[in-house]
Amino acid sequence: MIDLHCHTTASDGVTPPGELPRLAESQGLSAVAITDHDTIDGVQDFLDAACIDVIPGIELSAQGPNGENIHLVGLFIDHTAAPLLETLETLRRWRDERNMRLLRNIIDTGVDITFEEVSALSDGVIGRPHIADVLINKGYCKDSQDAFRRYLGERAPTYVQKEALPYGKAIEVIHASGGLAIWAHPMARTSMTNTKFKKILADFVAAGLDGVEAYYPEHTITRRMTVEHEAEVNGLLVSGGSDYHGGSRHVGVLPGGFSNGAPLCVPDELLERMKRRIKAR
Ligand code: AMP
Ligand code: MN
Ligand code: MN
Ligand code: MN
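Here's a quick rundown of the structure. These figures come from a predicted structure and were not determined experimentally.

Side note on the site of ligand 1
Link 1 in the chain: Taken together, Asp-12, His-37, Arg-95, Arg-98, Gly-127, Arg-128, Pro-129, Ser-144, Gln-145, Phe-148, Lys-162 and His-245 make up the full set of residues near ligand 1.
Link 2 in the chain: In this structure, an oxygen atom belonging to ligand 1 sits 2.8 Å away from a side-chain N or O atom of His-37.
Link 3 in the chain: For ligand 1, an oxygen atom lies 2.8 Å from a polar atom in the backbone of Arg-128.
Link 4 in the chain: A per-element tally of the shell around ligand 1 places helix H6 (residues 144-152) first, with three residues.
Link 5 in the chain: Class assignment for the residues of the shell around ligand 1 results in two nonpolar, five polar and five charged.

Right, here's the structure in full:
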């Protein structure tokens, strides 16, 4: 059992990077990857705490071929590579700008919230979940669903689109740091039809994509199989993970992955295939 998609306190997770390997081990996993949003700040602590196989990674926010917001996981990255660090600096700036504009819009609706209250909840990269937590703590929203629906999500009147890396650039920077570029949760949104998925995938493949996440909590069994099928057709690696942030999600566990509702685990062989692919290139 493995988990190739986990967040820590370096972005919007709850577990410190140095505790993730131990936590994964306690869940019976043989390998775990750190994939924080747009930052490698947790990677060194994570690697230093290795007690099982640990994979340095990242989850980059990027823009798809039609301007859609997509995420690319980079696995086996060198977290000291200069092109990667340079790109992350730009992403950090875009994120800061977006957070400030988003907060401004929310304040303009009469909500009493400050940047200090938001940044106090973060040890690293600040994201919308941190703003959601302040809105919940101060009684403006009942839970994060509510906060995203009313203030933070794409359909909220206060929403601000973050400037994003073009997908080709994101794949390029993952490759420049020696990593494998994986399209994260490609079919997690119900609006992603099979046709759209295949069309976007073709563009990603042309840009050098290495793999796709098939194993993912929000993927139905049918969707997982669609992703696995397209991976095979396109000669892509298959990846997967829990997208652990804390709360009700657990490292290594994909709830309801079987038709009887039992949790699904990510098989070890996916990782072995990745390692073979890296060796072969
Ligand atoms: P950001 O990186 O600031 O754009 O925030 C994106 C993060 O917000 C995602 O990685 C999720 O952790 C979280 N998120 C996105 N949409 C929702 C939602 N509808 N409800 C709860 N959390 C969400
Ligand atoms: Mn997140
Ligand atoms: Mn994601
Ligand atoms: Mn994630």
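Still to come is the rest of the account.
A look at the coordination of the manganese ion (ligand 4)
Octahedral metals with six donors have ideal donor angles of 90 or 180 degrees. Tetrahedral metals with four donors have an ideal donor angle of 109.5 degrees.
Link 1 in the chain: Every protein donor of the manganese ion (ligand 4) is listed here as His-5 (NE2), His-7 (NE2), Glu-59 (OE) and Asp-243 (OD), and their distances to the metal cover 2.1 to 2.2 Å.
Link 2 in the chain: Read from N- to C-terminus, the donor residues coordinating the manganese ion (ligand 4) fall into the pattern H-x1-H-x51-E-x183-D.
Link 3 in the chain: In this model, the manganese ion (ligand 4) sits 4.9 Å from the manganese ion (ligand 2). Separated by 238 residues along the polypeptide, His-5 in the loop between strand E1 (2-3) and helix H1 (20-26) and Asp-243 in the loop between strand E8 (237-240) and helix H10 (269-280) bring together distant segments of the chain.
Link 4 in the chain: Assessed through its relative accessible area of 5%, Asp-243 is described here as buried.

Definitions and limits used
Residues numbered from 1 in each chain as written. Chains lettered and ligands numbered in written order. Predicted model: local features only at pLDDT ≥ 70, side-chain atom pairs only at ≥ 80, totals over all residues. Heavy atoms only, no water. Near = heavy atom within 4 Å. Polar contact = N/O pair within 3.5 Å; in protein donor to acceptor, adjacent residues only side chain to side chain. Helix = DSSP H or I, 4+ residues; strand = E, 2+ residues; numbered from the N terminus. Nonpolar A, V, L, I, M, F, W, Y, C, P; charged D, E, K, R; others polar. Donors = N, O, S within 2.8 Å, 3.2 Å for Na, K, Ca; no water. Buried < 20%, exposed > 50% of the residue type's maximum accessible area, 1.4 Å probe, protein only.

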